Structures are given as C-alpha cells and as structure tokens.
Amino acid sequence: GEIIVAGLTHRKSQFQVSESDFRAVIEASGKRVTRKLEKYLSALGSIASAAPLLGLFGTVVGMIEIFGAQTPGAGNPAQLAHGISIALYNTALGLVIAIPSLVMWRYFKNRIDHFTLELEIAAERLVRHFYPGHKEK
C-alpha cells in the first residue's frame, strides 16, 4: 500500500512524470518498506548467534569451579559434580535459547524475502500500468 500511495502521490503532484522518476519514487518507497520489515530481524539474529557463546561462557565458569574445587591430594566429589552440573546447565540453556531464535530468524527472513519479491512484482505492474508502451528495466 505504501508503495502504491507513494507512486500515485508523486504522479498526482507533478503534471508529467518520466518513467525513470516514477520508478525511482517506487524503488525508494520499496526500500523504506523493506527496511521496516527487517527492523528487528538483526536483533533476533544476534540473539541466535550470542546464545551459544553465553552457554559456552557458562560452561567455562563451571569448569573453573571444578578446577578450583580440586586441591592437591584431596578431591571432593560433590564439588566436582556441582561444577559439572553448572557447566551442563549453562550449555543447555544457551542451546535452548539459540535453536528457537535461529529457527524464527530463518522463518522471518524467508517471509521478508517473499514479501519483497511480491512488492517488486506489484511495483513493476504499477509502472507498466502508467507506462504501457515502455519495456521493463
């Protein structure tokens, strides 16, 4: 809708609009619409990328706790188990956040690509409607 309104408004505001000017207005509007669709996509991708690293960080913290609990000549199995538990929980939590985030990022990226293609096709139809004798670029 925004793209069509931008094109029609530009065409109405000027008596004669060249095809190239009309296309430029349509393309600029299309870029704005696509940018709006992609607004939060990078944040979701960042979460999907950072979550496994945070899980790895928790694993390292658990391993540090394991080595810190070990003293020469005497090892406490309860502290060892606790450190391993911290490491595994953090790894699992990172994956529990990363996997759904990555799946949703790919889903939304695919939807935006689909919408962008639909916008391009609709914009080309609009240009051909107003400039029927001209060939596509």
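Scroll up to find the structure this text is about.
Structural notes, computed from the coordinates. (Residues numbered from 1 in each chain as written. Predicted model: local features only at pLDDT ≥ 70, side-chain atom pairs only at ≥ 80, totals over all residues. Heavy atoms only, no water.)

1. Overview of the pattern of salt bridges
Okay, step 1: Taken as a whole, this structure holds five salt bridges when the rule is applied.
Okay, step 2: The residue K109 makes a salt bridge to D113 at a minimum N-O spacing of 3.5 Å. Here D113 and K109 lie together in helix α4 (residues 77–130), a separation of four residues that amounts to about one turn.
Okay, step 3: With a relative accessible area of 27%, K109 lands in the partly exposed category.
Okay, step 4: One salt-bridge network, in which partners are shared between bridges, spans E19, R23, E124 and R128. (Salt bridge = Lys/Arg side-chain N within 4 Å of Asp/Glu carboxyl O. Helix = DSSP H or I, 4+ residues; strand = E, 2+ residues; numbered from the N terminus. Buried < 20%, exposed > 50% of the residue type's maximum accessible area, 1.4 Å probe, protein only.)

2. A look at the packing of helix α1 (residues 2–13) against α4
Okay, step 1: One way to put it is that α1 packs onto α4 with a least axis distance of 10 Å and a crossing angle of 25°. Taken together, the axis directions place α1 and α4 in an arrangement best described as roughly parallel. The way α1 lies across α4 gives a crossing that is right-handed. Residue-level contacts link I3, I4, L8 and R11 of α1 to L119, A123, L126 and F130 of α4.
Okay, step 2: Looking at the contact of α1 with α4 residue by residue, the class counts come to seven nonpolar, no polar and one charged. (Axes fitted to C-alpha atoms, helices over the stretch in contact; angles between N-to-C directions. Parallel < 35°, antiparallel > 145°, perpendicular 65-115°, else oblique. Left-handed = near helix turned anticlockwise from the far one by under 90°. Contact = heavy atoms within 4.5 Å. Nonpolar A, V, L, I, M, F, W, Y, C, P; charged D, E, K, R; others polar.)

3. Some points on the environment of L117
Okay, step 1: Mapped onto the secondary structure, L117 falls in helix α4.
Okay, step 2: Accessibility expressed as a relative area gives 46% for L117, which makes it partly exposed.
Okay, step 3: Taking the C-alpha atoms as reference points, L117 and G55, separated by 62 residues in sequence, lie 37 Å from one another.

4. Details of the environment of V60
Okay, step 1: Inspection of the secondary structure assignment puts V60 in helix α3 (residues 41–69).
Okay, step 2: With a relative accessible area of 41%, V60 lands in the partly exposed category.
Okay, step 3: Linking V60 and L8, residues 52 residues apart in sequence, is a C-alpha distance of 59 Å.

5. Description of the packing of aromatic side chains
Any aromatic ring pair is given by two values, namely how distant the centres are and how the planes are angled relative to each other.
Okay, step 1: Counting across every chain of the model gives two aromatic pairs.
Okay, step 2: For the ring pair F22 and Y131, a centre distance of 5.7 Å and an interplane angle of 55° mean the geometry is tilted. One end of the pair, F22, is in helix α2 (residues 19–37); the other, Y131, is in the segment after α4, and 109 residues separate them in sequence. With respect to class, F22 is no different from Y131; both count as buried.
Okay, step 3: With 5.3 Å between their ring centres and 65° between their planes, Y107 and F108 make a pair best called edge-to-face.
Okay, step 4: We classify Y107 as partly exposed; its relative accessible area is 44%. (Phe/Tyr/Trp six-rings, centres within 6.5 Å; stacked < 30°, edge-to-face > 60°.)

6. Quick word on the nonpolar core
Okay, step 1: Counting nine residues, the largest nonpolar core consists of I3, V17, F22, I26, V33, A123, L126, V127 and Y131.
Okay, step 2: Those elements that place two or more of their residues in this core are α2 and α4.
Okay, step 3: When residues no more than four places from it in sequence are discounted, the contact partners of V17 are H10, R11, F22 and Y131. (Core = buried A, V, L, I, M, F, W, Y, C linked by side-chain atoms within 4.5 Å.)

7. Some thoughts on α1
Okay, step 1: Taking 1.5 Å as the rise per residue, α1 with twelve residues should run 16 Å; its terminal C-alpha atoms sit 16 Å apart, in good agreement.
Okay, step 2: Every buried residue belonging to α1 is among I3, A6, G7 and H10, and all of these are buried. All buried residues of α1 fall inside an arc of 95° around its axis, so they share one side. Across α1 from its buried face, at more than 90 degrees, point the exposed residues V5, K12 and S13.
Okay, step 3: Packed against the buried residues of α1 are α2 and α4. (Expected span 1.5 Å × (residues − 1). Arc of directions from axis to C-beta.)

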